[in-house]
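Spelled out, the chains give:
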Amino acid sequence: MKKFAFVTAAALFAGMMTPAFADCDTRKADDDKQAAAASKCYDEYLARKQNYGANKDELRANFQACNEKAGCPQNSDLLK
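Now for a quick tour of the structure. Remember, predicted model here, so these are calculated numbers, not experimental data. (Residues numbered from 1 in each chain as written. Predicted model: local features only at pLDDT ≥ 70, side-chain atom pairs only at ≥ 80, totals over all residues. Heavy atoms only, no water.)

Some points on the environment of Arg60
Right, so step 1: The residue Arg60 is located in helix H3 (residues 56–70) in this model.
Right, so step 2: Considered as a pair, Arg60 and Tyr45 are 15 residues apart in the sequence and their alpha carbons are 7.7 Å apart.
Right, so step 3: Among the polar contacts listed, one links the side chain of Arg60 to the backbone oxygen of Leu79, at a separation of 3.5 Å. (Helix = DSSP H or I, 4+ residues; strand = E, 2+ residues; numbered from the N terminus. Polar contact = N/O pair within 3.5 Å; in protein donor to acceptor, adjacent residues only side chain to side chain.)

See below:
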């Protein structure tokens, strides 16, 4: 029973701490400026990707540069 209580407490603690480190989560763009900037990068990538003659390598490079500027380089992994 003690093991179950410890695991439950650890899970609750991790659940409470996770949002504090989710600054680049594009789903929180309404509350966080950094997330809003990352969301704009992704929106621009999607809009330009749908153009007929779009250069995919250039789009990926621009997306990565935009995420670097926004402070969210880990969001470049969204394209993989």
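Observations concerning helix H2 (residues 33–49)
Right, so step 1: Relative to the 24 Å expected for 17 residues at 1.5 Å per residue, H2 spans 24 Å between its end C-alpha atoms, a close match to the ideal helical length.
Right, so step 2: Where H2 is buried, its residues touch H3. (Expected span 1.5 Å × (residues − 1). Contact = heavy atoms within 4.5 Å.)

Thoughts on the nonpolar core
Right, so step 1: Residues Cys41, Tyr45, Leu59, Phe63 and Leu79 constitute the largest nonpolar core, which totals five residues.
Right, so step 2: Going through the elements one at a time, H2 and H3 are the ones with two or more residues in this core.
Right, so step 3: Contacts of Cys41, omitting those with residues within four sequence positions, involve Phe63, Cys66 and Asn67. (Core = buried A, V, L, I, M, F, W, Y, C linked by side-chain atoms within 4.5 Å. Buried < 20%, exposed > 50% of the residue type's maximum accessible area, 1.4 Å probe, protein only.)

What about H3?
Right, so step 1: With 15 residues, H3 should cover 21 Å at 1.5 Å per step; its first-to-last C-alpha distance of 21 Å lies within 8% of that length.
Right, so step 2: Those residues of H3 that fall on the buried side of the exposure criterion are Leu59, Phe63, Asn67 and Ala70. Viewed end-on, H3 has its buried residues packed into an arc of 70 degrees, placing them on one side of the element. Of the exposed residues in H3, those oriented more than 90 degrees away from the buried face are Asp57 and Lys69.
Right, so step 3: Of the surrounding elements, those touching the buried residues of H3 are H2.
Right, so step 4: With its phi angle positive at about 85 degrees, Gly71 sits one or two positions after the end of H3. (Arc of directions from axis to C-beta.)

Description of the packing of aromatic side chains
Right, so step 1: The full count for this structure, using the stated rule, is two aromatic pairs.
Right, so step 2: Summarising the aromatic geometry, the rings of Tyr45 and Phe63 are spaced 5.3 Å apart at their centres and angled 45 degrees between planes, so their arrangement reads as tilted. Of the two residues, Tyr45 is situated in helix H2 and Phe63 in helix H3; the sequence distance between them amounts to 18 residues. Side by side, Tyr45 and Phe63 carry an identical accessibility label, which is buried.
Right, so step 3: An aromatic cluster is defined as three or more aromatic residues linked by ring pairs; in this entry it consists of Tyr42, Tyr45 and Phe63. (Phe/Tyr/Trp six-rings, centres within 6.5 Å; stacked < 30°, edge-to-face > 60°.)

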